[in-house]
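Examining the three-dimensional arrangement
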Amino acid sequence: AFMDEGEWGEGGEYGSQEFAFDVYDWFGAESTGKGREQWAAEYGMYLPTYDPTAANLAAQERELDYRDAENIYSLAKDINNQVYATAVGDVSASAATDISKSKQIAGGLGLRSGTLESATTEALESSQNKVKGLRDNLILKLEEDKNTYNNVMADSTLHYDKTLHETKSEFYDRTLAMIDKLTDIGAFDEGEDLS
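Residues numbered from 1 in each chain as written. Predicted model: local features only at pLDDT ≥ 70, side-chain atom pairs only at ≥ 80, totals over all residues. Heavy atoms only, no water.

Focus: the packing of aromatic side chains
Scanning the model with the defined rule gives eight aromatic pairs in all. Ring centres of Phe-19 and Trp-26 lie 6.4 Å apart, and the angle between their planes is 75 degrees; on these two criteria the pair is classed as edge-to-face. Judged by its relative accessible area of 15%, Phe-19 is buried. Judged by relative accessible area, Trp-26 falls into the partly exposed class, the value being 45%. Site record: aromatic cluster; members linked through ring pairs are Tyr-24, Phe-27, Trp-39, Tyr-43 and Phe-188. For the cation-ring pair, Arg-62 lies above Tyr-160, with the distance from its terminal atom to the ring centre recorded as 4.0 Å. (Phe/Tyr/Trp six-rings, centres within 6.5 Å; stacked < 30°, edge-to-face > 60°. Buried < 20%, exposed > 50% of the residue type's maximum accessible area, 1.4 Å probe, protein only. Lys NZ or Arg CZ within 6 Å of the ring centre and 35° of its normal.)

Now the structure itself:
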């Protein structure tokens, strides 16, 4: 109800009216013999107003955290993919160089043996295993980065929700305290004109 006017406006669930009018309706102030406008003019000024500043700042902070997390995650992905591509390229180049050298040596000596082919096969398998290890490491790192990103997003959302809850709870407590004081001074008493 305190959010049905101003920047939150357009009526909402309770219709677009002053918060004092809502309090008037809920606490039976019509029994005072005063109309809404008169009651609101006399007592509405004592009701606290909701200050959205903390909630707005928390929303901005959440959006900045989201943007930063997205940027860091995207950058980490790019770096990890680049490191992987470079490492695979190095392994491939090293394997190609080793195989080329072994063929040159074998050709220069006129050798054709099963041992040379076996060594070439082992070099290729070793290279494949290194590439598989690099791929597995990349997958783990990408998963770790994704988990970090998700944790930042969840923490930011929880922080925002907590701030919003605290802001509204504080407003609610102040409102109830003021309604209690208004009750003490007879703002809701039947038929009394306290003006």
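Topic: the side chain of Ser-156
Tracing the chain through its elements places Ser-156 in helix 4 (residues 114-184). With relative accessibility at 6%, the residue Ser-156 sits in the buried group. In contact with Ser-156, not counting residues within four places along its chain, are Arg-62, Asp-65 and Tyr-66. (Helix = DSSP H or I, 4+ residues; strand = E, 2+ residues; numbered from the N terminus. Contact = heavy atoms within 4.5 Å.)

The analysis is restricted to geometry; functional conclusions fall outside its scope.
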